[in-house]
Amino acid sequence: MNVEQILKTEKPIALESRSLIHLILVCNKVNEQYASALKEYEISLQQFNVLRILRGQKGKAANLQTLNERMVSRQSNTTRLVDKLLVKGLVNREVCPSNRRKIEITITKEGKELLLELDRIIKNTEQDLLADFSKDDLVHLNTLLDKF
């Protein structure tokens, strides 16, 4: 990915700015690939993330705060995401019997079944995105990204 070509500029970009712009462009490409992979299933990347968090609860209910804390993208309106998943029959939402102010959210059987299919789709997408990277490249990339 050549930053200058994408931005259609011949003027050199300062290394610091170029590095951050590069990260943004890579992030956009990854998000676009994920969104494209999930589009057929009418699931957003954020909805997929909620389903994965709920599956990770292993049958134990989660509340909105738990989901917010574990979301990869925390800019999302988690209540709205849960509402959309509820309409699709992929999650259940109930009032906690011991604390009526608390809402408990669980994944449904249909949600788990969909996730099994999406896991395969996402794995293929990730393999395509990372096809040009060796294991050593990925370890090195993660070491660099950990500096953030």
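Keep in mind that this is a model prediction, so the values were computed, not measured. (Residues numbered from 1 in each chain as written. Predicted model: local features only at pLDDT ≥ 70, side-chain atom pairs only at ≥ 80, totals over all residues. Heavy atoms only, no water.)

J.: Explain the overall build of the protein chain to me, please; I cannot follow it from the model alone.
T.: Broken down by element type, the protein chain carries seven helices and two strands. Reading the protein chain from its N end, one meets helices and strands in the order α-α-α-α-α-β-β-α-α. Relative to the 2.2 N^0.38 estimate, which gives 15 Å for 148 residues, the radius of gyration of the protein chain is 19 Å and therefore markedly larger than a compact globule would have. On the principal axes, the C-alpha backbone points of the protein chain span a range of 60 × 30 × 30 Å. In the protein chain, which comprises 148 residues, the proportion classed as buried is 26%. Relative to all contacts within the protein chain whose residues are 6 or more apart in sequence, the contacts with residues 24 or more apart total 48%. Entry remark: accessible area of the protein chain is about 10700 Å², with carbon and sulfur atoms responsible for 51%. Positive and negative charge centroids in the protein chain, built from 24 and 20 side chains respectively, lie 7 Å apart. (Helix = DSSP H or I, 4+ residues; strand = E, 2+ residues; numbered from the N terminus. Rg over C-alpha atoms; globule rule 2.2 N^0.38 Å. Buried < 20%, exposed > 50% of the residue type's maximum accessible area, 1.4 Å probe, protein only. Contact = heavy atoms within 4.5 Å. Areas by Shrake-Rupley, 256 points an atom, 1.4 Å probe, with all protein chains shown as cover. Lys, Arg positive; Asp, Glu negative; His and termini not counted. Charge placed at Lys NZ, Arg CZ, Asp CG, Glu CD.)

J.: I would appreciate a short explanation of the environment of R52 in the present structure.
T.: Along the chain, R52 turns up in helix α3 (residues 45–56). Taking the C-alpha atoms as reference, R52 lies 17 Å from N31; in sequence the two are 21 residues apart.

J.: Explain the pattern of salt bridges to me, please; I cannot follow it from the model alone.
T.: Pairing between side chains becomes possible if they bear opposite charge and their charged atoms approach one another. On inspection of all chains with the given rule, the structure shows four salt bridges. Linking D119 and R55 is a salt bridge whose minimum nitrogen-to-oxygen distance equals 2.6 Å. Remark: R55 occurs in helix α3 and D119 occurs in helix α6 (residues 109–129); sequence separation between them is 64 residues. With a relative accessible area of 26%, D119 lands in the partly exposed category. Here E113 ties to K109 by a salt bridge, and the two come within 3.4 Å at their closest N and O atoms. Of this pair, E113 and K109 are both found in helix α6, four residues apart, which corresponds to roughly one turn of the helix. A relative accessible area of 43% places E113 in the partly exposed class. (Salt bridge = Lys/Arg side-chain N within 4 Å of Asp/Glu carboxyl O.)

J.: Would you mind showing me how to read the side chain of E4 here?
T.: Mapped onto the secondary structure, E4 falls in helix α1 (residues 3–7). For E4, a relative accessible area of 16% corresponds to the buried category. A distance of 2.9 Å separates a polar atom in the side chain of E4 from a polar atom in the side chain of R18. Discounting chain neighbours no more than four positions away, the residues touching E4 are T9, K11, I13 and R18. (Polar contact = N/O pair within 3.5 Å; in protein donor to acceptor, adjacent residues only side chain to side chain.)

So, to be careful, I would describe these as geometric facts and stop short of saying anything about function.
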